Amino acid sequence: MKIICISQVYWPDTASVAQHLVDLLQALSGQGHEITIITSRHNYEHPEIIYPARECCERVHILRLPNTGFGKQTKLGRLVDFLSFNFLIAWKLLFISRKSCDVMIGLTSPPLLSYIGIKIARMKKMRFVYWTMDLQPELSVVAGYMKEGSSMAQTIQKRGDYIFRHADRIIVLDKYMKEHICRRLHSDRKGIDVIPVWPVMESVYEGKREDNPFRQENGFGDRIVIMYSGNHSVMHPLTTLLETAVQLSDDKRFLFVHIGGGVRLQEVREYKEEYGLDNVMILPYQPRERIHRLFVSPAQVIQNTSGKQYIFLQYNRYLVSQYFQIIILDILSANQNFSACHVIQTTDQIHQTRLRTSGSSNDANRLTGMDVQIDILQDFLCTAFFVSKIYILK
């Protein structure tokens, strides 16, 4: 089968969508399908990085378009990047013959990309699969980029509804996104598959905590590390985490580590400078082959009563959402074990989950008790963790 995928990001870009798309397309090429990805020449976070126009990696043919690369510093520059990419990809797709494509896979960034794709796919009688990573215009409305009910929001929604109605298959991240789409269309839309995004690492570091190369390279010492890893976007709440860092600025046992990029990473830098936060460290996206060093030990999957799954890991403890956010709770004692005392049961509300650890009384350097209280906000747009309070129990 001949498959064409359209996406603004792809390997070697480290954006989350790019990494999951790499997994999918390489798996399809490994099954004997002929795969082509049409993407941008610019790195998503650092547009000054330009990739080759043509490349082949793991039997996936990569075609990159020379759209503008103003980046995410201004809304206008980002809009121009979106428009130029959409224009170039429309021009490219118009000259693709029916014989060269059986199925087209479209993603959600930039907005209206898949609207262009499905229009051309239907014109050329190609099947179209829509991988829905986010929802527009809802995302832009909540982010404050446009007003609800505005002409722009209505225009984007109509085109999004067109994709939902005419795509041969729709892939969504969870059942709540599926339910939202059905409500939006006022119908029980068939052909929607729920496939949560998967972890990008195949293994975890299993050595001693103090010997972890990532910990040693970055000078974490023996501190408790609370880590935010990923995109610092307008949709990801960071304020509570930053305020917690301020409250714990005099407690040398804690270190807050921010890994990744995004428009709100500047907010982290400003907090760090304004409050003189020596307990906040900022690191770039980590190469995929090194991600396992951030995480250690095997995982258990905890599934709540609503069917949503969370990966719960022991030793260098951290709680991982399978969807968007990762917060790592790196506890001092290597012998402590977590137990989940509460699970999330509904969406669109803030719930609290409490994780307890018990330390050994034989080691004064270990925590004798620690409660980490996390507020979890789940809705159809994103899953995020808020670290609200950290109690050290003597």
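About the cut-offs
- Residues numbered from 1 in each chain as written.
- Predicted model: local features only at pLDDT ≥ 70, side-chain atom pairs only at ≥ 80, totals over all residues.
- Heavy atoms only, no water.
- Helix = DSSP H or I, 4+ residues; strand = E, 2+ residues; numbered from the N terminus.
- Buried < 20%, exposed > 50% of the residue type's maximum accessible area, 1.4 Å probe, protein only.
- Contact = heavy atoms within 4.5 Å.
- Areas by Shrake-Rupley, 256 points an atom, 1.4 Å probe, with all protein chains shown as cover.
- Expected span 1.5 Å × (residues − 1).
- Phe/Tyr/Trp six-rings, centres within 6.5 Å; stacked < 30°, edge-to-face > 60°.
- Pairing = 2+ DSSP bridges.
- Axes fitted to C-alpha atoms, helices over the stretch in contact; angles between N-to-C directions.
- Polar contact = N/O pair within 3.5 Å; in protein donor to acceptor, adjacent residues only side chain to side chain.
- Patch = residues over 30% accessible without salt bridge, like charges linked within 9 Å, V, L, I, M, F, W, Y side chains within 5 Å.
- Salt bridge = Lys/Arg side-chain N within 4 Å of Asp/Glu carboxyl O.
- Right-handed = clockwise from strand over helix to strand, strands pointing away.
- Parallel < 35°, antiparallel > 145°, perpendicular 65-115°, else oblique.
- Left-handed = near helix turned anticlockwise from the far one by under 90°.
- Nonpolar A, V, L, I, M, F, W, Y, C, P; charged D, E, K, R; others polar.

*Asks:* Looking at this structure, I do not really get the overall build of the chain. What am I missing?
*Replies:* When helices and strands are tallied, the chain shows nine helices and 19 strands. Within the chain, the proportion of its 394 residues that are buried is 53%. Once local pairs closer than 6 in sequence are excluded, the contacts in the chain between residues at least 24 apart make up 63%. In the form shown here, the chain has an accessible surface area of approximately 18,600 Å², with 53% of it arising from carbon and sulfur atoms.

*Asks:* What exactly am I supposed to notice about helix α1 (residues 16-30) here?
*Replies:* Note on helix geometry: an α-helix contains 3.6 residues per turn, so any two residues three or four positions apart are oriented the same way. Look at α1: 21 Å from first C-alpha to last across 15 residues, which is about the 21 Å you get at 1.5 Å a residue. Along α1, the residues that are buried comprise Ala 18, Gln 19, His 20, Leu 21, Val 22, Leu 25, Leu 28 and Ser 29. Its buried side turned inward, α1 meets β1 (2-6), β2 (34-40), β4 (60-65), β5 (103-106) and β6 (127-131). Following α1 by one or two positions, Gly 32 adopts a phi angle in the positive range, close to 100°.

*Asks:* Any chance you could explain the packing of aromatic side chains here in plain terms?
*Replies:* The geometry of an aromatic ring pair comes down to the distance between the two centres and the angle between the two planes. Scanning all chains against the criterion turns up five aromatic pairs. Relative to Phe 164, the ring of Tyr 130 lies with its centre 5.6 Å away and its plane at 55°, an arrangement referred to as tilted. Highlighted residues: Tyr 130 in strand β6 and Phe 164 in helix α5 (residues 151-166), separated in sequence by 34 residues. The pair Tyr 130 / Phe 164 is uniform in exposure class, with both members buried.

*Asks:* Before we go on, may I ask you to explain the sheet that holds β2 in this structure?
*Replies:* To summarise the sheet geometry, strands pair through backbone hydrogen bonds and adopt either a parallel or an antiparallel arrangement. Read across the sheet, eight strands follow the order β3-β4-β2-β1-β5-β6-β7-β8 without closing on themselves; strand pairing throughout is mixed. Two strands close off the open sheet at either side, each with one partner strand: β3 (54-57) and β8 (192-194). The average angle at which neighbouring strand axes cross in this sheet is 20°, direction not considered. Both β1 and β2 contribute to a ladder of five bridges, which runs parallel. Considered in β2, the bridge of Lys 2 is made with Glu 34. Across the sheet, helix α3 (residues 113-123) touches β1, β5 and β6, and the angle it forms with β6 is around 165°.

*Asks:* Can you help me understand the side chain of Asp 174 in this one?
*Replies:* Mapped onto the elements of the fold, Asp 174 is located in the loop between β7 (169-172) and α6 (175-185). Its relative accessible area of 6% is what places Asp 174 among the buried residues. Reaching out from Asp 174, the side chain makes a polar contact with the backbone nitrogen of Met 177 at a distance of 2.8 Å.

*Asks:* Where do I start with helix α2 (residues 75-94) in this structure?
*Replies:* In this model α2 runs 29 Å from its N-terminal to its C-terminal C-alpha over 20 residues, within 8% of the 28 Å that 1.5 Å per residue would give. For α2, every residue scored as buried is listed here: Gly 77, Arg 78, Asp 81, Phe 82, Ser 84, Phe 85, Asn 86, Ile 89, Ala 90 and Leu 93.

*Asks:* In this structure, what is going on with a nonpolar patch on the surface? I would like to understand it.
*Replies:* On the surface, Trp 91, Leu 94, Phe 95 and Met 123 cluster together into a nonpolar patch covering about 500 Å² of accessible area. Here Met 123 lies in helix α3. Overall, Met 123 belongs to the exposed group, its relative accessible area being 54%.

*Asks:* What's the story with the pairing of strand β10 (residues 254-261) in this structure? I'm lost.
*Replies:* A regular strand carries its side chains on alternate faces of the sheet. Here β10 lies mainly inside the structure; eight of its eight residues are buried. With eight bridges connecting them, strand β9 (residues 224-231) and β10 associate as parallel partners. Bridging from a neighbouring strand, Tyr 228 pairs with His 258 of β10. For the segment spanning β9, helix α8 (residues 239-247) and β10, crossover handedness is right-handed. Bridge count for β10 against strand β11 (residues 280-283) is four bridges, and the pairing is parallel. Paired with Phe 256 across the two strands is Val 280, which belongs to β11. With respect to chirality, the unit in which β10 leads through helix α9 (residues 265-274) into the neighbouring parallel β11 is right-handed.

*Asks:* Which parts of the structure should I look at to understand the packing of α2 against α3?
*Replies:* Helix-helix packing is described using two parameters, namely the angle between the two axes and the distance between the axes. Contact geometry for α2 and α3: axes closest at 10 Å, N-to-C directions at 15°. With respect to α3, the axis of α2 lies roughly parallel. Every pair of crossing elements has a handedness; the one defined by α2 and α3 is right-handed. Touching Phe 85, Asn 86, Ile 89, Ala 90, Leu 93 and Leu 94 of α2 are Leu 113, Ile 116, Gly 117, Ile 120 and Met 123, all from α3. Each residue belonging to the contact of α2 with α3 can be placed in one class, and the counts come to nine nonpolar, two polar and no charged.

Honestly, that's just the spatial picture; any functional story needs more than this.
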